[in-house]
Amino acid sequence: MTTRQDLFSLARHTRDSASLFVKDIGNGLLVVSHNTLALVGLAVVSVLLVFTSQAGLREKLESATLGWLSARQEARAEAEGNTLMAAAEPDAIARATATDPRELSRQQAAVAHWLARRYSVAPEPISRLVQEAWAVGQRAKVEPTLILAIMAIESRFNPFAQSSVGAQGLMQVMTRVHDDKYEAFGGTLAAFDPVTNLRVGVQVLKECIQRAGGLEEGLRYYVGAANLAEDTGYAARVLSEHEMLKAVAAGRTVPTMTTTVRPVREAASAPSTGDSAQVALLR
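The structure reproduced in this document is the subject of the present report. What you see is a predicted model, and the numbers here were worked out from it, not measured in a lab.

**Considerations on helix α4 (residues 123-140)**
So, point 1. Taking 1.5 Å of rise per residue, the 18 residues of α4 would be expected to cover 26 Å, and the 25 Å separating its terminal C-alpha atoms lies within 8% of that figure.
So, point 2. Turning to α4, its buried residues number three or more, namely I126, S127, R128, L129, V130, E132, A133, W134, V136, G137 and A140.
So, point 3. On its buried face, α4 is in contact with α3 (106-119), α5 (144-155) and α6 (194-212).
So, point 4. K141 sits one or two positions beyond α4 and adopts a positive phi of about 60°.

**As for the packing of aromatic side chains**
So, point 1. Using the criterion set out here, one finds one aromatic pair in the structure.
So, point 2. The interplanar angle of 65° and the centroid separation of 5.4 Å between the aromatic rings of Y119 and F157 together place this pair among those described as edge-to-face. Of this pair, Y119 sits in helix α3 while F157 is found in the loop between α5 and β1 (167-168), placing the two residues 38 residues apart along the sequence.
So, point 3. With relative accessibility at 8%, the residue F157 sits in the buried group.

**Focus: α6**
So, point 1. Over its 19 residues, α6 extends 26 Å from the first C-alpha to the last, a length consistent with the 27 Å expected when each residue adds 1.5 Å.
So, point 2. Where α6 is concerned, the buried positions are P194, V195, T196, N197, L198, V200, G201, V202, V204, L205 and C208.
So, point 3. Directly after α6, the chain includes G213, whose backbone phi takes a positive value near 85°.

**Topic: the nonpolar core**
So, point 1. Counting 52 residues, the largest nonpolar core has V111, L115, L148, I150, F157, M171 and Y222 as its most contacted members.
So, point 2. Here L148 is in contact with V111, L115, L129, V130, A133, W134, F157 and L245, once residues within four sequence places are set aside.

The rules we used
- Residues numbered from 1 in each chain as written.
- Predicted model: local features only at pLDDT ≥ 70, side-chain atom pairs only at ≥ 80, totals over all residues.
- Heavy atoms only, no water.
- Helix = DSSP H or I, 4+ residues; strand = E, 2+ residues; numbered from the N terminus.
- Expected span 1.5 Å × (residues − 1).
- Buried < 20%, exposed > 50% of the residue type's maximum accessible area, 1.4 Å probe, protein only.
- Contact = heavy atoms within 4.5 Å.
- Phe/Tyr/Trp six-rings, centres within 6.5 Å; stacked < 30°, edge-to-face > 60°.
- Core = buried A, V, L, I, M, F, W, Y, C linked by side-chain atoms within 4.5 Å.

Dropping the structure here:
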């Protein structure tokens, strides 16, 4: 009987010991887990505080992450044959000289669409030039339709045009003569930026008109024919285009198919040596 009681007592003690051991292990794991989670939480909070307080460090990490993701995307795109992905430039639109014609006034939009049809160019870049001609013309007290007429006769709205004597851009400004006027725009290469060429050209035109004392004679100065017997009809063509544009701006119907406009700068004979300085000063 005593042996049986001893066995039962031993089994009970063993069970109690095992239960206590398991319970202690569980409590220990729970404490460790709580401490581990607390440490992880503290680490996360510390990292967040560091990145929140140091904007430069956060920006570097964001930039590095974005660069890594972009590189992976470009590599995947190139592997699939898409070569544009590596050359993508979302900010390229900022360089585009273009405006939605719907953003113009009715008067400006009419002029833009008429010029687009007449010279077979897109209405968006023409709209930007029309918009700029109105803004610059108002400041310089030069009619915007005159500015646009000069661009039409000089370059037919080709911003990369260059004459045999070195006149460049939309308004065919003599860049080497008026290089000082391009300093405010970063240098003479700005001659091929349409808006810059327009602004410089208007300044040159204004100086020519002031020096000549009148519009028609000022146009002769502008084209470099002030000291020549005739200007090959340049002033007459500009003024004719000017009148048509004024009519379009006034809301009248003007046909776009008229006499072919041709460049005249190369047609004018060269000024004599004694007069070249005066012409160069203005051109």
